[in-house]
Amino acid sequence: PYRIVITGRTKHFINAFGEEVMVANTDAALSEACRRDGRARVSEYTAAPCFFLDEGKGRHEWLIEFEEPPRDLAAFTSDLDTALRALNSDYDAKRYEDMTLKPLQLTLAPRGLFHRWLEQQGKLGGQHKVPRLSGNRRYLDELLSLLPSTTQPSQE
C-alpha cells in the first residue's frame, strides 16, 4: 500500500483572516526578498497575526533575526510582502486594497534573541526549533518581551 510521510512543521501556519499562509510560503518569500536585496541573510524568524478589532482588519507581524541585515529594511519588508502575495493567492486576496490585511510589519531581532528564548523555554538543542508561524501571538509576544524597550515595535 501507499504510504504518506509528512515531515516538517505541519502545525505552523497563519489562517486568522482566511489567508492560509504556510511555512513553505514564508520560506520562499523570505528567499525572494533576500535575493532582491542582494545581501540579506535570515537566520531565524517567526510571524503571527496582529488584530485591529475596531477596524475588523489585521496584519502579519514578523520578527526576523538576520545573519546579514538588508540594505534597506523598508524595501526588504515591501519585497517580502510582494513575494508572499505572489506565492499565496489567499494572502493576496486579503491584501487587495488592504481589504482585510494591512501590509506586514517587520521588527529586527538582535542576534541571539531566538537562541536565548529557546534556552529560557528549556528547548535549546536537539530537535527543538523556533516556531515559524502561529495563529496566535504567544511565541511572538514572548520574543518581543525580550527586546530592549528602544527596539520594540509601536502598537497602532
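Residues numbered from 1 in each chain as written. Predicted model: local features only at pLDDT ≥ 70, side-chain atom pairs only at ≥ 80, totals over all residues. Heavy atoms only, no water.

A. Representation of the packing of aromatic side chains in the model. Tallied over the full model, the rule gives four aromatic pairs. Arranged with centres 5.4 Å apart and planes meeting at 20°, the rings of Tyr45 and Trp62 form a pair that is stacked. Note that Tyr45 is positioned in strand β3 (residues 41-52) and Trp62 in strand β4 (residues 57-68), a separation of 17 residues in sequence. With respect to class, Tyr45 is no different from Trp62; both count as buried. Sitting over the face of the ring of Phe52, Lys102 holds its NZ or CZ atom 4.4 Å from the ring centroid. (Phe/Tyr/Trp six-rings, centres within 6.5 Å; stacked < 30°, edge-to-face > 60°. Helix = DSSP H or I, 4+ residues; strand = E, 2+ residues; numbered from the N terminus. Buried < 20%, exposed > 50% of the residue type's maximum accessible area, 1.4 Å probe, protein only. Lys NZ or Arg CZ within 6 Å of the ring centre and 35° of its normal.)

B. Up close: the sheet that holds β3. Pairing is mixed across the open sheet formed by three strands, whose spatial order is β3-β4-β5. A single partner strand is all that each edge strand has here, and the edge strands are β3 and β5 (105-109). Averaged over all neighbouring strand pairs, the angle between strand axes comes to 20°, with direction disregarded. Two strands pair when backbone bridges link them, and β4 and β5 are joined in this way by five bridges, in the parallel orientation. Across the sheet, Leu63 pairs through a bridge with Thr107, a residue of β5. Those strands touched by helix α1 (residues 23-37) are β3 and β4, and its axis lies near 120° from that of β3. (Pairing = 2+ DSSP bridges. Axes fitted to C-alpha atoms, helices over the stretch in contact; angles between N-to-C directions. Contact = heavy atoms within 4.5 Å.)

C. Local environment of the packing of α1 against helix α2 (residues 73-87). For the pair α1 and α2, the least separation of the axes is 8 Å and the interaxial angle reads 135°. Classified by the angle their axes make, α1 and α2 are oblique. Both α1 and α2 take part in a crossing whose hand is right-handed. Residues Asn25, Thr26, Ala28, Ala29, Leu30, Glu32, Ala33, Cys34, Arg36 and Asp37 of α1 pack against Phe76, Asp79, Leu80, Thr82, Ala83, Leu84 and Leu87 of α2. (Parallel < 35°, antiparallel > 145°, perpendicular 65-115°, else oblique. Left-handed = near helix turned anticlockwise from the far one by under 90°.)

D. Up close: the pattern of salt bridges. For the coordinates displayed, the defined rule picks out 13 salt bridges. For Glu55, the salt bridge goes to Lys102, with nearest N and O atoms at 3.1 Å. Of this pair, Glu55 sits in the loop between β3 and β4 while Lys102 is found in the loop between α3 (89-95) and β5, placing the two residues 47 residues apart along the sequence. Under the relative-accessibility criterion, Glu55 is labelled partly exposed at 39%. Among the residues examined, Lys102 registers a relative accessible area of 15% and is labelled buried. With a shortest N-O distance of 2.4 Å, Asp98 and Arg95 are connected by a salt bridge. In this structure Arg95 comes out as buried when scored by relative accessible area, which is 5%. Salt bridges linked by common partners bring Glu32, Arg35, Arg36 and Asp79 together as one network. (Salt bridge = Lys/Arg side-chain N within 4 Å of Asp/Glu carboxyl O.)

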